[in-house]
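Listed here are the chains, written in short residue letters.
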Amino acid sequence: MSLSAAALLALGAPAFARSGPVVIYTAHKSSIVDELLPVFEKETGLKAEVVKLGSGDIARRARAEAGAPAADVIWSISGGQLNELAEILAPYAPRDADSIDPQFGRHEAWTPYTAVVYVLAVNTDELSLDEAPKSWEALRDPKWKGQVASARADGSGSAMQQLQTVLSVYGDAGWDVYKEIAANFVFTNSSGAVPRFVADAETSMGLTLEDNALEYVHGGAPMGIVHLTDGTAITPDGVALVKGGPNPEGGKAFIDWALSKDTQERLARDIGRRSVRTDVAGPPGTPDLADLNVVAVKELNELGGAEEVLARWRAAIGE
């Protein structure tokens, strides 16, 4: 994708395209990165360098580098984690900020990027949708031991959001409920690996993102999707400019591109992510958000902060 300076100018690319690549830290799975980044480079004339890590690792790395930031943008980690990183992020209002649905909030340090829906994926060869648990409460049943794939909350923003959902739905009893659910878990190394476990029948079910499950459904895997009736979490992941990054103008251009209508339509149509824009429809074949029992998920700081939550999570899973 590399172009000479002359070619860039011929394409009308902005002057900052010559100031170096845009360095992006992302928790997006590789298939999404591989699909979207060539489009970004083609449409903007900018070059992107991507570091792909789990969201927890991104947060730790970005914080460790705060004195000499190496990244320009953090792309697609949970809003809760970005709130925890606010002091190392630079406020930036993207070009299309007014098109973002206000239900996903206004955040000084970061911008909602997609609306992430958390679901239970079910291998329908192993377990019919009629037989599958429909709620967090039902997932407590010991008969599901070893049948529920989940990422680890200390390495996956989506697994942390699932934990926060249980704590939000069940209040004071939340940790006891989560401990019983977690007793049925088989842990994977990422949220993206969960639907693979389910598709390969390593487990009959898995807690994952709606778009991760849809990728397998559309690929012909024997998989169905359950939106949990006692609380479906729909939370924004975000995109943010890193304070003091090496190419801030390139970082701003990336954020503008990520929130543009064309990019958000591509995310919904081709990738299965729900747009945060008011003028972009949901992925084909998915239920309307208004038809789900959407729960307001408590922020990490409402639950005692990230360190305390992770300490209690380790205790809940027996570590």
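The structure this text deals with has already been given above.
Everything numeric here is computed off the predicted structure, so don't read it as measured data.

Each value, and the rule that gives it
- Residues numbered from 1 in each chain as written.
- Predicted model: local features only at pLDDT ≥ 70, side-chain atom pairs only at ≥ 80, totals over all residues.
- Heavy atoms only, no water.
- Salt bridge = Lys/Arg side-chain N within 4 Å of Asp/Glu carboxyl O.
- Helix = DSSP H or I, 4+ residues; strand = E, 2+ residues; numbered from the N terminus.
- Buried < 20%, exposed > 50% of the residue type's maximum accessible area, 1.4 Å probe, protein only.
- Axes fitted to C-alpha atoms, helices over the stretch in contact; angles between N-to-C directions.
- Parallel < 35°, antiparallel > 145°, perpendicular 65-115°, else oblique.
- Left-handed = near helix turned anticlockwise from the far one by under 90°.
- Contact = heavy atoms within 4.5 Å.
- Polar contact = N/O pair within 3.5 Å; in protein donor to acceptor, adjacent residues only side chain to side chain.

Participant: Could you clarify how one ought to interpret the pattern of salt bridges in this entry?
Facilitator: Pairs may arise between side chains of opposite charge once their charged atoms sit close together. The tally for this structure, following the rule as stated, stands at 18 salt bridges. Between Arg 274 and Glu 210 there is a salt bridge whose closest N-O contact spans 2.8 Å. Pair noted here: Arg 274 is in strand β11 (residues 274-275) and Glu 210 is in helix α9 (residues 210-218), with a separation of 64 residues, a long-range link. You'll find Arg 274 and Glu 210 in the same group, each marked buried. Taking the shortest distance from any N to any O, the salt bridge between Arg 277 and Asp 279 comes out at 2.9 Å. Residue classification places Arg 277 among the buried residues on the basis of a relative accessible area of 7%. Asp 279 gets classed as partly exposed once you look at its relative accessible area, which sits at 34%. Connected through salt bridges with shared partners, the residues Arg 152, Asp 154, Arg 314 and Glu 319 form a single ionic network.

Participant: Just checking my understanding: could you explain the packing of helix α2 (residues 30-44) against helix α10 (residues 248-258) for this structure?
Facilitator: When two helices pack together, their arrangement is given by the angle between the helix axes and by the axis-to-axis distance. Where α2 contacts α10, the axes come no closer than 11 Å and their chain directions differ by 115°. Of the possible angle classes, the one that applies to α2 and α10 is roughly perpendicular. Two packed elements cross with a definite hand, and for α2 against α10 that hand is right-handed. Counted together, Leu 36, Val 39, Phe 40, Glu 43 and Thr 44 of α2 and Ala 253, Phe 254 and Trp 257 of α10 form the full contact between these two elements.

Participant: Any chance you could explain the environment of Thr 188 here in plain terms?
Facilitator: Structurally, Thr 188 can be placed in strand β7 (residues 185-188). With relative accessibility at 5%, the residue Thr 188 sits in the buried group. Leaving out residues up to four positions away in the same chain, Thr 188 has contacts with Ala 149, Ser 150, Ala 151, Arg 152, Ala 193, Val 194 and Phe 197. Of the polar contacts made by the side chain of Thr 188, one reaches the backbone oxygen of Ser 190; its length is 2.7 Å.

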